[in-house]
Amino acid sequence: MAAQEIENGTTWGKELWDQFDNLATHTQKGIDFFERFGNFIRDRSAIEVEYALKLRRLVKNYQPKKSKEDEENEFSSLIAFKNVLKEVADLAGQREVVAENLQNQVLQGIMLLAKILREERKKALNQGAGLTQSLHTQIGTLDRAKRSYEKAFREAEKAIESYHKADADFHLSRADVEKQRVNMNIRNSQSEDAKSEYANQLQITNKQQQQHYQIALPEVFNKLQELDEKRTRGMKEFIKRAADVEYEVSPIIARCLEGMVKAADSINEKDDSMIVIEKYQSGFQPPGDIPFEDLSKPDPDAANNSQTHNSSTGLNHMTGKGTTKDKLKKRVGIFGIFTGNKEDFSDLPPTQRRKKLTAKVQELQQKVAQEQAASDGLMKMKGVYEANSMLGDPRTVEEQLNESVNRLDRLRHELLRYQKLLEQANNQTFIQHSPQSNRVIQNGQRSSRHSNGSSNHENSHDDNGEDHPDDAGSLSRSASESSVQQAQNGLNINNNGSSASPESGLGTSHTSLPGSGQGSTNEQPMNEEYYEADAPLGTCRALYPFDATSEGSIPMSEGEELQVIEVDQGDGWTRVRRFSSKGWEEGFVPTSYIECTLYA
């Protein structure tokens, strides 16, 4: 481009031969502007760094908190949001790349070029100033030679005029005339010498001036033009380079945006709804119809149950009509036995319990497989050492092998236990009550539980034709809970005058049932016929021994058969009774410790 302009004659040296000062100012402004562009790149790079930092802080602030439960049941919307946060973090990384490349590839180049341009400009201006000074000096020499010539020429003219006057004056002597003639010749000679010097200096000055304006100074101006064009060209290249920095990361940014779109497309509202069901499903059946209570008809059990009803007003809603979520908490506070054993997840609803047991079985299976692999490896190592004692002492492996075998046995025992619990949870058939269920099936007949703990059989009679209450189990439980409540309030209701503990209250709950007489010294065990009237819901067999260490529970031995009088209401405990030498005993046992067979 510069060569083409020189060929066309459009150069600063030719077109701007007399604009030295303006060109110096122009090039200075150009370099200042170029450095200002560098400052722009620097500030933009700082903004990119700050933007990336704020993006990372944003991702950190909105990162969902991790929990084991959320990892098991993660909603698609939550997973999508986590992926979006990852993409935003990647975007922050790309902004950091942009900032780094702007600094390394653009800003440093601008600063380096600006430094070079300033040095070249300074050198060219110094050269131009030197040429101008030399020309000015020569012109000054010419001016002095011209003034000398003018002075000598005037003096020569004056000497000639004096000689002609002396020569025409007849009064002067020949010596005076000769003197004027000699002076005239001297002045003429001096004038000629001054003239020659002036002519010589004029020739030198013209030659130098021609060289200055046609060759020397144009070269300086062309250098200034070249460095100014280099600055302009650099401006163009660095603007493009800054854009290229953006182009280089744009595919990655585009993939980040595509990842966000993909994350959004992965959201499935139906799957999230199923996760909610899987997460919160209890396994209970919805409540049945609430029976109508006809108060106009006499209730033969009302008189017998009045005392029990009055003593258990605050508890019967938890036993006769089922247990709501809030009332489950109340029962926990009273008996303190529903949070004692959570390793088998008996405190969870059926569905959630099966889910936890399944996860536990899978976890133990994985641990067993890992420990088995470790044991096999130690066994092989021991065999190698026994075959070649040079490789190692087999006794060093034997201790580790024994520990591994012991761990493996414990894991297998634990796995077997949880597999049995899972099998029981999957295969056990029982009537599931919702928190407000009020209908159960007993002995093949349908009965409706009332809030007072009694129930009315539909055409249910004993062999003697006498009507019996069909929900004595619930009444007995209410009375037991009433006994616990009164014992906590400092009341004496036992026949020996001592405060009733929940275990003794539940084991001899007849003390608070109609006909027992509270505080009576002639208290006798409830006869078997009364409990026969309270038809059991089914039978159960103890899978494991259980020591009753909590209030309201009863002990049992492995393989013992018991009657189920109230099924698990989601709290992990089943109410059972049995007949012993002391009479009928009833209380709570862990549901996971028994295998139930309920009547259809």
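Starting afresh in each chain, residues are numbered from 1 along the sequence in its written order. Only residues with pLDDT of at least 70 get local features here, since the model is predicted, and only at 80 or more are side-chain atom pairs given and counted; chain-wide, interface and lining totals rely on the full set of residues. Only heavy atoms go into the side-chain values, all of them from the structure, while hydrogens and water stay out.

A. Representation of the overall build of the protein within the structure. Across its full length, the protein carries 15 helices and 8 strands. Each of the 600 residues in the protein was classed as buried or not, and the buried ones make up 40%. Residues are treated as being in contact if the distance between any of their heavy atoms lies within 4.5 Å. Across the protein, every contact between residues at least 6 apart in sequence was considered, and the portion connecting residues at least 24 apart equals 72%. For every accessible area listed, the method is Shrake-Rupley and the probe measures 1.4 Å; residues are considered covered only by the protein chains on display. A total of about 34400 Å² of accessible surface is found on the protein, and carbon and sulfur atoms cover 51% of it. Secondary structure elements follow DSSP: runs of H or I no shorter than four residues count as helices, runs of E no shorter than two count as strands, and numbering proceeds from the N terminus. The classification of residues rests on relative accessible area computed with a 1.4 Å probe and restricted to protein chains. Under 20% of the type maximum is buried, over 50% is exposed, and intermediate values are partly exposed.

B. Inspection of the packing of helix H5 (residues 76-168) against helix H6 (residues 174-265) at higher detail. Where H5 meets H6, the axes come as close as 6 Å, and the angle between the chain directions of the two elements is 175°. Classified by the angle their axes make, H5 and H6 are roughly antiparallel. Among the residues making up the contact of H5 with H6, the classes are represented as 47 nonpolar, 25 polar and 19 charged. Axis definition: a line fitted to C-alpha atoms, over the contacting stretch in the case of helices. Angles run 0 to 180 degrees between N-to-C directions. Under this scheme an angle from 65 to 115 degrees is roughly perpendicular, one under 35 degrees roughly parallel, and one over 145 degrees roughly antiparallel; angles in between are oblique. Throughout, the ten residues Ala, Val, Leu, Ile, Met, Phe, Trp, Tyr, Cys and Pro are labelled nonpolar, Asp, Glu, Lys and Arg are labelled charged, and all others, Gly among them, are labelled polar.

C. Looking closely at the packing of aromatic side chains. Between the rings of Phe, Tyr and Trp (Trp by its six-membered ring), a pair exists once the centres lie within 6.5 Å; its type follows the angle of the planes, with under 30 degrees stacked, over 60 edge-to-face, and the other angles tilted. Taken as a whole, this structure holds 10 aromatic pairs when the rule is applied. Here Phe37 and Phe40 contribute two aromatic rings whose centre-to-centre distance is 6.2 Å and whose plane-to-plane angle is 25°, an arrangement assigned as stacked. You can see Phe37 and its partner Phe40 sitting in helix H3 (residues 20-61), 3 residues apart, about one turn around the helix. The exposure class of Phe40 is partly exposed, given its relative accessible area of 49%.

D. Representation of the environment of Pro590. In this structure, Pro590 sits in strand E7 (residues 583-590). If sequence neighbours within four positions are ignored, Pro590 has contacts with Phe546, Gly572 and Trp573.

E. The packing of H3 against H6, seen in detail. Put simply, H3 and H6 touch, their axes get as near as 11 Å, and they point 15° apart. Here H6 runs roughly parallel to H3, going by the angle between their axes. Both H3 and H6 take part in a crossing whose hand is left-handed. On H6, the residues that touch Phe20, Leu23, His26, Thr27, Gly30, Ile31, Phe33, Phe34, Phe37, Ile41, Arg44 and Glu48 of H3 are Leu217, Phe221, Leu224, Leu227, Asp228, Arg231, Gly234, Met235, Phe238, Ile239, Ala242 and Glu246. Of the residues contributing to the contact of H3 with H6, the split by class is 15 nonpolar, 4 polar and 5 charged. In this scheme the handedness of a crossing depends on how the near helix is turned from the far one: anticlockwise by less than a right angle means left-handed, clockwise means right-handed.

F. The arrangement of the pairing of strand E6 (residues 573-580) in detail. A large share of E6 lies buried, amounting to 6 of its 8 residues. In this description, strands pair whenever DSSP reports at least two bridges between them. Pairing of strand E5 (residues 561-566) with E6 involves 3 bridges; the strand directions are antiparallel. Residue pairing for E6: Gln563 is matched across the bridge by Arg577. Linking E5 back to E6 in an antiparallel pair, the connection comprises 6 residues, with Gly570 at a positive phi of about 100°. Taken together, the 8 bridges between E6 and E7 define a ladder with antiparallel strand orientation. Within the sheet, the bridge partner assigned to Arg578 lies in E7 and is Glu585. What sits between the antiparallel neighbours E6 and E7 is a turn of 2 residues.

G. The arrangement of the pattern of salt bridges in detail. Put simply, a salt bridge is a Lys or Arg side-chain nitrogen that is within 4 Å of an Asp or Glu carboxyl oxygen. By the definition in use, this model includes 22 salt bridges. A salt bridge links Arg578 to Glu560; the nearest nitrogen and oxygen atoms lie 2.7 Å apart. Here Arg578, found in strand E6, pairs with Glu560, found in the loop between strand E4 (538-542) and E5; they are 18 residues apart in sequence, far enough to count as distant. The class for Arg578 is buried, based on a relative accessible area of 15%. A salt bridge links Glu586 to Arg575; the shortest N-O distance between them is 2.4 Å. With Glu586 in strand E7 and Arg575 in strand E6, this residue pair connects regions lying 11 residues apart in the sequence. Grouping residues by exposure puts Glu586 and Arg575 together as buried. Connected via shared salt-bridge partners are Arg44, Glu48, Arg95 and Glu246.

H. Expanded view of the side chain of Ser45. With respect to the helices and strands, Ser45 occurs in helix H3. Other than its neighbours up to four places away in sequence, Ser45 contacts Ala99, Leu102 and Gln103.

I. A look at the confidence of the model for the protein. Values of pLDDT, the confidence the predictor places in each residue, fall between 0 and 100. When the pLDDT values of the protein are averaged, the result is 75; 72% of them are 70 or greater. Element-level mean pLDDT values for the protein span from 36 in helix H14 (residues 502-507) up to 94 in H3. A low-confidence stretch, residues 1-7 stays under pLDDT 50, and its non-local contacts, those more than four residues away or across chains, total 6 contacts. Note that pLDDT drops below 50 for residues 429-533; the model gives that stretch 241 contacts with residues more than four away or on any other chain.

J. Just the nonpolar core, in detail. Ranked by size, the top nonpolar core spans 38 residues in total, and within it Ile41, Phe221 and Leu224 carry the most contacts. Listed by contribution, the elements that provide at least two residues to this core are H3, H5 and H6. The biggest single contributor to this core is H5, with 14 residues. Sequence-distant contacts of Ile41, that is, excluding residues within four places in its chain, are made with Leu102, Val106, Leu107, Ile110 and Ala242. Nine residue types can take part in a nonpolar core, namely buried Ala, Val, Leu, Ile, Met, Phe, Trp, Tyr and Cys, and a core is a set of them joined through side-chain atoms within 4.5 Å.

K. Layout of a nonpolar patch on the surface. Patch membership needs two things, relative accessible area over 30% and no salt bridge, and members are linked within 9 Å if like-charged or within 5 Å if nonpolar (Val, Leu, Ile, Met, Phe, Trp, Tyr). There is a patch of nonpolar side chains on the surface, built from Leu58, Tyr62 and Phe81 and spanning about 300 Å² of accessible area. Since its relative accessible area comes to 42%, Leu58 is described here as partly exposed.

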